[in-house]
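# Descriptive structure summary
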Amino acid sequence: MNIPVTPQHFYTYDEFDAAFVRTRVAEFREQVQRRLSGALTEEEFRPLRLMNGLYLQLHAYMLRIAVPYGTLSSTQMRQFAHIADKWDKGYGHFTTRQNIQFNWPKLVDVPDILDALADVNMHAIQTSGNCIRNVTADHFSGVAADEIADPRPTAELIRQWSSNHPEFSFLPRKFKVAVSGAAHDRAATRVHDVGLRVVQNEVGEIGYEVLAGGGLGRTPMVGHIVREFLPKADLLPYMEALMRVYNSYGRRDNKFKARIKILVHETGLDEIREQIEAEFESLDKAAIAADPAEIARIEAQFAPPPYETLPDVSESVKKAKAANTEFARFVDINTATHKQPGYTIVTVSLKPIGGVPGDATAAQMGVLADVADKYSLSELRVSHEQNIVLPYVKKDDLFALWQELKAADLATSNASLITDIIACPGMDYCSLATVRSIPIAQAISERFADLDRQRLIGKLGIKISGCINACGHHHVAGIGILGLEKSGEESYQITLGGDPTLSASIGERLGPGLRADEVPDTIERIVGVYLAHRDLDEDFIHTYRRIGHDAFKSALVTGTPRMPAANPLDQGGGI
Amino acid sequence: MARIKHPKILTASDLTQGDVIFFTGTGWSRHHLDAKPAQTDAEIAALEAQAKADVAANRILDVQIIDVALREDGKPEPIHYRERLRTLGPSVRRDLGKQANP
């Protein structure tokens, strides 16, 4: 029985969507029964369970649930809490793909979990397998002050087009699409298989800049522009053409060379562009393009909410900030400029000092649902940085919201600072990982716990992956950490200079691998070099690019444990 | 009978629950200390045959035969840190996994 959906400002399932998901749950329930009865072998069942987001990990099964373009309602968040309590171990893990993972489901319970998800218009379809995965988007979509257009109607259109697409369900390899509609790229579009940026042409028409061939993993590459301006109406025919080229020519002989980035690299940008355009021209575009009425129906569901007319400056926030430095810090660090006067965007950090990045308990998920109902029009977002965003908060409500978040240990003021660390689950959970990543994140977080010091350092992304697959996005971190096994021990390589934004770059290795206990000291020295050289307000990546990679090599002194400075700011070298 | 470099034990995941389990010689246990080490090629072959039979019987999946060291009391401890983690649970959540209910 579907739980009634409260009025929301993003896509709501229609009867077709709901029936499709229910049918898939029933189908998977039968497949599980057949597996348990022995009618299906594991070899036969594995691709079926993966198509429904069910993995087998190091300690247990793991269920990955899609949060389309990272947008969800309080009802859906509350259902996650319910699932965590009833069928898992009381918590969930928000991922770098804006999804949520449960780490301990039992195979026999998964059909019931999927039914509970269908009750709130959710599923786990296409969160695994060689298909078009859950489409990600800017977590500030629809509310960011720098936005040209909300990218989520585009992401929703691609979700509908790609769900169970018969031609693209068995691609050479997985395929990830990200969409951004703002001047600043918060969706890492340049390191996805396809990145779509909403742009305006010289006559003011809205369309897309299409990037292809980006990706991380063992062969990180920055994507290339394959179409500078794609008219909006041509989106699906062009995507169809691009996918056909990839599906036809992408390598299937070698899993590690099967992503589109390798095809673009080996074929050459001009040639691949010509192939896509030739395929595009050959298609019956009208037959593939979305019906304008359907596009209008989708767009209408993302219409802005009925905002109140408010002054942009909140006197109550000013007073509360003056009276409470902790609150003032939260406002300064964890809020972003909203397009509507009097409103703000709040980032709820899932990175408490020493905590597990991206984890939230069922109780915290319940609190997040409650505060979304009270203060954010019942809507939340999951960011690829593994945090939660409340997109519609009135500035006048900030103090009350902060108090409720603080009571639930959800008010850490570190958004985008050095302890806002992205980390994959690593070998603590993942069967592919070669080392652990979470303990490294915890150690760095504790080392830089002092909030004033974090503020002094400023925005600095640390990202950690527990293996070469790079789920922790370490390649595009200012400071990246890649864990690898070395002679039977856990070892960590540092990279510097990665950037996931429009000025995307892949980080460069600093030197040989480090022991786990050497990592926090080394990060400390890297930060010391940065602070010693930065110009006023210059962020890490700009200092890095200005002074060069070699300037940081002195930070890498292995095998010599170093005591932390009595006054951490002494590391700054005169700041 | 040929000796091998390291004794080995048979481990897998339970099909219905997903739990990490270990072959005891007569059945399956959640605890690695119950596992029966194989110390010869013939004993390893027996583990392989057992694994094949239990996969076919839809009891287990993700079968692995792993290297262990034997403690003074003869009980096996995995050599590689990955396998040691599998006997315990997440190192960042000591309240979860086998370590929570030793």
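Residues numbered from 1 in each chain as written. Chains lettered and ligands numbered in written order. Predicted model: local features only at pLDDT ≥ 70, side-chain atom pairs only at ≥ 80, totals over all residues.

### Details of the overall build of chain A
Across its full length, chain A holds 18 helices and 20 strands. For 575 residues, the compact-globule estimate of 2.2 N^0.38 gives 25 Å, and the C-alpha radius of gyration of chain A, at 23 Å, lies within 12% of that figure. C-alpha extents for chain A along the principal axes are approximately 65 × 60 × 55 Å. Here the analysis covers contacts within chain A between residues at least 6 apart in sequence; of these, 68% occur between residues at least 24 apart. (Helix = DSSP H or I, 4+ residues; strand = E, 2+ residues; numbered from the N terminus. Rg over C-alpha atoms; globule rule 2.2 N^0.38 Å. Contact = placed C-beta atoms within 7 Å.)

### Things to note about the pairing of strand S19 (residues 489–496) of chain A
Along any regular strand, the residues point their side chains to alternate faces of the sheet. Residues and elements named next belong to chain A. The sheet contact formed by strand S18 (residues 479–486) and S19 spans eight bridges and is antiparallel. Paired with glycine 480 across the bridge in S19 is threonine 495. Between the antiparallel neighbours S18 and S19 lie two residues, among them serine 487 with a positive phi of about 50°. Relative to strand S20 (residues 508–509), S19 runs antiparallel, the two being bridged by two bridges. Each bridged residue has a counterpart across the sheet, and for threonine 495 the counterpart in S20 is arginine 509. (Pairing = 2+ DSSP bridges.)

### Points about the sheet that holds strand S13 (residues 359–361) of chain A
All names here are of chain A. Taken in spatial order, the five strands line up as S1-S2-S5-S4-S13 in an open sheet, and their pairing is antiparallel. Edge positions in the open sheet fall to strand S1 (54–56) and S13, since each of these has one partner strand only. The mean angle between the axes of side-by-side strands here comes to 30°, regardless of whether they run parallel or antiparallel. Here three bridges tie S1 to strand S2 (residues 61–65), and the two strands are oriented antiparallel to one another. Within S2, the position partnered with leucine 56 by the bridge is tyrosine 61. (Axes fitted to C-alpha atoms, helices over the stretch in contact; angles between N-to-C directions.)

### So, helix H8 (residues 269–282) of chain A
Residues and elements named next belong to chain A. When the terminal C-alpha atoms of H8 are compared, their 20 Å separation across 14 residues agrees well with the 20 Å that a helix rising 1.5 Å per residue should span. Burial in H8 covers these residues: Ile272, Arg273, Gln275, Ile276 and Phe280. Take H8 and look down its axis: the buried residues cluster within an arc of 160°, on one side only. Pointing more than 90 degrees away from the buried face of H8 are the exposed residues Asp270, Glu271, Ala278, Glu281 and Ser282. Where H8 is buried, its residues touch strand S10 (224–231), helix H6 (235–249) and helix H7 (260–267). (Expected span 1.5 Å × (residues − 1). Buried ≥ 20, exposed ≤ 12 C-beta atoms within 10 Å, placed from the backbone. Arc of directions from axis to C-beta.)

### Description of the nonpolar core
Residues Leu242(A) and Leu368(A) are the most contacted members of the largest nonpolar core, which totals 181 residues. Leaving out residues up to four positions away in the same chain, Leu242(A) has contacts with Val194(A), Ala212(A) and Ile276(A). (Core = buried A, V, L, I, M, F, W, Y, C linked by C-beta atoms within 7 Å.)

### Brief notes about the packing of helix H15 (residues 438–447) of chain A against helix H17 (residues 519–533) of chain A
Residues and elements named next belong to chain A. H17 packs onto H15 with a crossing angle of 50° between their chain directions and a minimal axis gap of 9 Å. One element, H15, and the other, H17, form an angle in the oblique class. The hand of the H15/H17 crossing is right-handed. Facing H15, whose interface residues are Ile440, Ala443, Ile444 and Arg447, H17 presents Val519, Pro520, Ile523 and Glu524. Split by residue class, the contact of H15 with H17 holds six nonpolar, no polar and two charged. (Parallel < 35°, antiparallel > 145°, perpendicular 65-115°, else oblique. Left-handed = near helix turned anticlockwise from the far one by under 90°. Nonpolar A, V, L, I, M, F, W, Y, C, P; charged D, E, K, R; others polar.)

The quantities given are spatial measurements derived from coordinates; they are silent on function.
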